[in-house]
Amino acid sequence: MSRQSPQQNRKARMWVAVGVLLLILSSAFLLWAPQLPGIPGKGVGAVSVFSAVLSAMALGNSLVQFLNWWRGRGAPAPAPTSTDIGTAKDILAGLVTEQWRHETALRSLGDPEPMPLPWRSTGRRELVDRPEIIARGTVAFPGLEVHIADMARNFRALRCRRLVILGGPGTGKTTLAVQLLLELLDTRQPEEPVPVLLSASRWDDRVHPRLQDWLAESLAMDYPALRAEGLGPGIPEALVARGEVLPVIDGVDELHDSARADLLGALNRSMCETDQLIITCRTEQFAESVERLGDVLTAAAVIEPQPMAPAAAADYLEACLPPVIHPGWPRVLEALRTGAAPGLAGVVSTSLGLWLVRATYIAPRVDPAPLLELGRRTPAELHDHLCDRLIPALVDAVPPVDGPAQPFRPQHAWRPEEVGRWLTYLSHQLSRGTGEPRDMAWWHLARYTPSRPIRLWAGIAIGIVVGVVFTVLTGMPVPSAVIGLLSAAVVVIMSGSWFTEAPGHADFHLRGRLPQLLGVLRDGLLVGVLGALVGWLMGSSVGGVKGGIVGARDIGLLSGIGFVVVLSLIRWVENPTTVSSARSPRSTWRADRNLTVIRIISGLVVGLMAGAIGLRAQLNPSVAIGGGLLLGLLFGLVLGSHHAWLAYKLTVPRLATRGRLPLRAMDFLEDAHRLGLLRTEGPYYQFRHVELQQHLARGHPDGEDGEAGKTARRGSGDDAASGLR
């Protein structure tokens with residue numbers, strides 16, 4: 001059964017409120033304004049026509065939404081074909097491969113060689129199911145050092161192909177999951193599912209009790225190409241229902257104690273015999289969840305890393321050094337091999353520690369003496385020192401590119417202290433306990449500061465501009481002030497949902513969409529009839545039958561055509577993007593910006609039509625054309641269901657004036673990704689490893705939102721997570 005979402009219902013009610021308000025104001029102005037001194041009749045007529053048309057379109061929009069819901073509430077959705085499913089799997093596999101190959105190159109996972117971290121099946125029998133259920137014959141993953149191709153082969157040999165990757169902080173659980181995901185993609189057969197990596201923190205089992213429901217919603221959000229018209233309806237849901245997706249759920253340890261156990265229980269309830277799965281979690285948190293649940297993850301093999309030996313870590317660091325090295329490095333490597341630097345040995349026993357040493361001392365080619373000095377202390381002291389040095393080291397070591405864009409070089413120059421301050425602010429916001437503790441979306445920036453002052457100031461600014469422009473064009477301050485106040489009210493009312501809307505995408509694909517176009521014309525005819533009724537009632541009240549006919553003709557035509565050109569066009573183009581779009585945060589930002597431009601152009605078209613009617617009414621050409629374009633521009637801005645880019649543009653200047661973020665926030669986030677401080681997962685940014693995020697959040701100074709920070713959720717997240725070199 002087709003249902004409207006709560007947000008769609010709210011929007012429909014807002015359109016009704018705006019339409020009724022405009023209709024009341026236009027009628028009152030038509031009846032009472034001629035009695036006021038100094039207001040020409042032509043001006044009254046033009047203002048009334050504009051208001052009546054807008055009210056008819058607003059009310060007609062709500063009526064069309066209701067009728068569409070009524071017609072579709074019992075209509076069954078057509079099922080996708082096998083060809084649709086195969087095409088969708090290929091599209092999804094290509095998008096996932098492109099996404100994580102880029103991340104792997106950015107993180108230098110194979111430069112000069114993969115980190116020599118050994119993995120084996122866990123020895124803790126209480127964490128794993130019975131061996132005969134996991135695999136036929138010998139339990140997989142018996143060896144210490146397993147090549148990624150061997151690991152993929154062992155994974156496929158599992159009876160149900162389910163794997164739990166455990167380990168302590170910074171041991172490379174996510175790195176292994178990404179490498180395994182890419183190997184499974186590279187060697188995937190057509191009948192095998194497509195592995196997709198998702199953050200566990202995004203799953204609320206109270207909202208989605210079944211894994212399949214959450215997985216389908218995540219696919220639709222992260223890979224909107226799957227919802228393209230050419231693939232047919234319900235592709236994300238069909239892929240999940242048919243077992244064509246292998247979820248790789250990262251960071252289960254980031255959930256609270258009860259939430260982790262609930263998630264494991266939901267996994268066991270959701271999966272049938274053929275469902276495949278990979279999850280990553282810290283060992284102790286997984287053990288606590290198994291004990292709380294009273295059960296293990298059914299039929300899943302469980303592997304853990306072994307600590308990297310100091311000699312192996314020293315060999316790896318030596319292989320990463322340039323041909324001409326600093327004189328201090330032989331002493332550091334010798335102390336590591338002989339056990340003279342226990343703190344350093346503790347840090348580099350994990351892949352996170354190795355990456356931190358590479359990023360802060362090898363890449364910038366600086367004196368490694370502090371590694372020797374602090375390496376004789378505790379690992380915690382050295383780890384904090386490396387985190388403190390990480391941002392300045394990466395910013396200084398990777399200068400901005402001077403010329404064509406390069407994938408692993410920033411595009412702009414930022415000062416290290418600024419980068420540290422801005423990332424500290426973002427880490428603090430992520431730790432405040434609202435939303436996902438890892439996912440950072442550009443459209444979420446609009447939620448980091450109260451929207452009401454922004455909406456009020458935007459409404460006031462637009463109202464002043466509209467009022468001043470109409471005063472200049474018409475020389476009538478009172479009607480111009482009314483129009484300005486009306487414009488301000490519309491902006492304040494309609495922008496209420498902008499700051500919580502997700503980004504949209506425009507799709508002008510024509511093939512197979514003729515029924516939609518016919519529906520657009522039908523709806524336009526309906527709105528035109530409604531506009532003609534409004535015009536007849538308003539025109540006949542002041543001009544008799546002749547005035548009613550003229551009003552019905554002008555307002556009916558303008559309402560119907562305006563609805564088709566603007567509202568229906570926007571609904572038609574507001575569709576999921578094609579395969580070439582929405583692969584990254586920047587692409588979603590651009591897509592929503594383009595959608596805003598389309599709405600503005602559509603509004604200007606209607607404005608020109610309104611100007612043409614004004615010219616027929618013998619208004620001053622500058623008043624007719626200028627006023628029509630201005631009101632059309634305003635109308636185009638408030639249309640549609642996706643205003644994330646507008647909300648971003650309104651919010652970022654406020655954050656920038658307070659030093660929270662730069663004015664070019666998207667450029668900064670993109671450069672932080674190129675620097676290796678952030679990673680991307682679909683349309684989201686995440687900190688490269690959660691330990692840096694937590695380190696920065698602990699150092700956030702108390703400010704206007706300091707109290708919220710004191711009650712922040714301090715997640716137990718993973719990992720070199722997410723980005724080990």
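Refer to the structure above for everything that follows.
Residues numbered from 1 in each chain as written. Predicted model: local features only at pLDDT ≥ 70, side-chain atom pairs only at ≥ 80, totals over all residues. Heavy atoms only, no water.

Engineer: I tried to follow the overall build of the protein on my own but got confused; where do I start?
Structural biologist: Secondary structure assignment for the protein yields 26 helices and eight strands. In the protein, which comprises 725 residues, the share counted as buried stands at 56%. Of the contacts made within the protein by residues no fewer than 6 positions apart, 80% connect residues no fewer than 24 positions apart. When the accessible surface of the protein is split by element, carbon and sulfur atoms take 60% of a total near 30,200 Å². (Helix = DSSP H or I, 4+ residues; strand = E, 2+ residues; numbered from the N terminus. Buried < 20%, exposed > 50% of the residue type's maximum accessible area, 1.4 Å probe, protein only. Contact = heavy atoms within 4.5 Å. Areas by Shrake-Rupley, 256 points an atom, 1.4 Å probe, with all protein chains shown as cover.)

Engineer: What is the right way to look at the sheet that holds strand E6 (residues 301-305) in this model?
Structural biologist: The pairing of strands in a sheet comes from backbone hydrogen bonds and takes either a parallel or an antiparallel form. Strand order in the open sheet formed by six strands is E1-E6-E2-E5-E4-E3, and the pairing between neighbours is mixed. With partners counted over all chains shown, the strands left at the sheet margins are strand E1 (119-121) and strand E3 (194-199), one partner each. Looking at each pair of strands side by side, their axes are set apart by 20 degrees on average, direction ignored. As judged from the six bridges shared by E3 and strand E4 (residues 245-250), these two strands associate in the parallel manner. Considered in E4, the bridge of Val196 is made with Pro247. (Pairing = 2+ DSSP bridges. Axes fitted to C-alpha atoms, helices over the stretch in contact; angles between N-to-C directions.)

Engineer: Help me understand a nonpolar patch on the surface, please; the structure alone is not making it clear to me.
Structural biologist: Together, Leu456, Trp457, Ile460, Ile464, Val468 and Val472 give the surface a local cluster of nonpolar side chains, amounting to about 640 Å² of exposed area. The residue Ile460 is located in helix H18 (residues 452-474) in this model. Under the relative-accessibility criterion, Ile460 is labelled partly exposed at 42%. (Patch = residues over 30% accessible without salt bridge, like charges linked within 9 Å, V, L, I, M, F, W, Y side chains within 5 Å. Salt bridge = Lys/Arg side-chain N within 4 Å of Asp/Glu carboxyl O.)

Engineer: Looking at this structure, how should I read the nonpolar core?
Structural biologist: The nonpolar side chains of soluble globular proteins are, as a tendency, buried together. Judged by nonpolar contacts, the single largest core of 154 residues is most densely connected at Leu92, Leu267, Ile279, Leu423 and Leu426. The contact partners of Leu267, leaving out residues within four places of it in the chain, are Trp203, Leu211, Ile249, Leu277, Ile279 and Leu297. The next biggest cluster of nonpolar side chains, apart from the first, holds five residues, and it includes Val466, Phe470, Ile483 and Leu630. (Core = buried A, V, L, I, M, F, W, Y, C linked by side-chain atoms within 4.5 Å.)

Engineer: What is the right way to look at the pattern of salt bridges in this model?
Structural biologist: If charged atoms from side chains of opposite charge come close, those side chains can pair. Under the counting rule described, the total for this entry stands at 25 salt bridges. In this structure, Glu244 and Lys89 form a salt bridge, with 2.7 Å as the shortest nitrogen-oxygen distance. Here Glu244 is found in the loop between helix H8 (235-241) and E4, whereas its partner Lys89 is found in helix H3 (residues 82-107), with 155 residues between them in sequence. We classify Glu244 as buried; its relative accessible area is 16%. For Lys89, a relative accessible area of 4% gives the class buried. The shortest N-O distance in the salt bridge between Glu288 and Arg260 comes to 3.3 Å. Taken as a pair, Glu288 in helix H10 (residues 283-293) and Arg260 in helix H9 (residues 257-270) lie far apart in primary sequence, 28 residues in all. Classification of Glu288 by relative accessible area gives partly exposed; the value is 40%. The structure contains a network of salt bridges with shared partners spanning Arg586, Asp667, Glu670, Asp671 and Arg674.

Engineer: Sorry, what's going on with the packing of aromatic side chains here?
Structural biologist: When we look at a pair of aromatic rings, we describe it by the centre distance and by the angle of the planes. Scanning all chains against the criterion turns up ten aromatic pairs. Ring centres of Trp442 and Tyr648 lie 6.0 Å apart, and the angle between their planes is 90 degrees; on these two criteria the pair is classed as edge-to-face. Pair noted here: Trp442 is in the loop between helix H17 (416-430) and H18 and Tyr648 is in helix H23 (residues 644-657), with a separation of 206 residues, a long-range link. Tyr648 gets classed as buried once you look at its relative accessible area, which sits at 4%. Residue placement shows Arg389 over the ring face of Tyr361; its charged tip is 4.6 Å from the ring centre. Looking at Arg586, its charged tip hangs above the ring of Trp589, at a distance of 5.0 Å from the centre. (Phe/Tyr/Trp six-rings, centres within 6.5 Å; stacked < 30°, edge-to-face > 60°. Lys NZ or Arg CZ within 6 Å of the ring centre and 35° of its normal.)

Engineer: Would you mind going over the environment of His412 with me for this structure?
Structural biologist: In this fold, His412 is placed in the loop between helix H16 (379-397) and H17. Separated by 13 residues in the primary sequence, His412 and Pro399 place their C-alpha atoms 8.5 Å from one another. Leave out the neighbours within four places in its chain, and His412 touches Pro400, Arg664, Asp667 and Asp671.

Engineer: How should the pairing of E4 be read in this particular structure?
Structural biologist: A regular strand places its side chains so that they alternate between the two faces of the sheet. The buried fraction of E4 is high, at six of six residues. Here E4 runs beside strand E5 (residues 277-282); their pairing, made up of two bridges, is parallel. Counterpart to Ile249 in the pairing with E5 is Ile279. Once the chain exits E4 it traverses H9 before rejoining the sheet at E5, and the crossover so formed is right-handed. (Right-handed = clockwise from strand over helix to strand, strands pointing away.)

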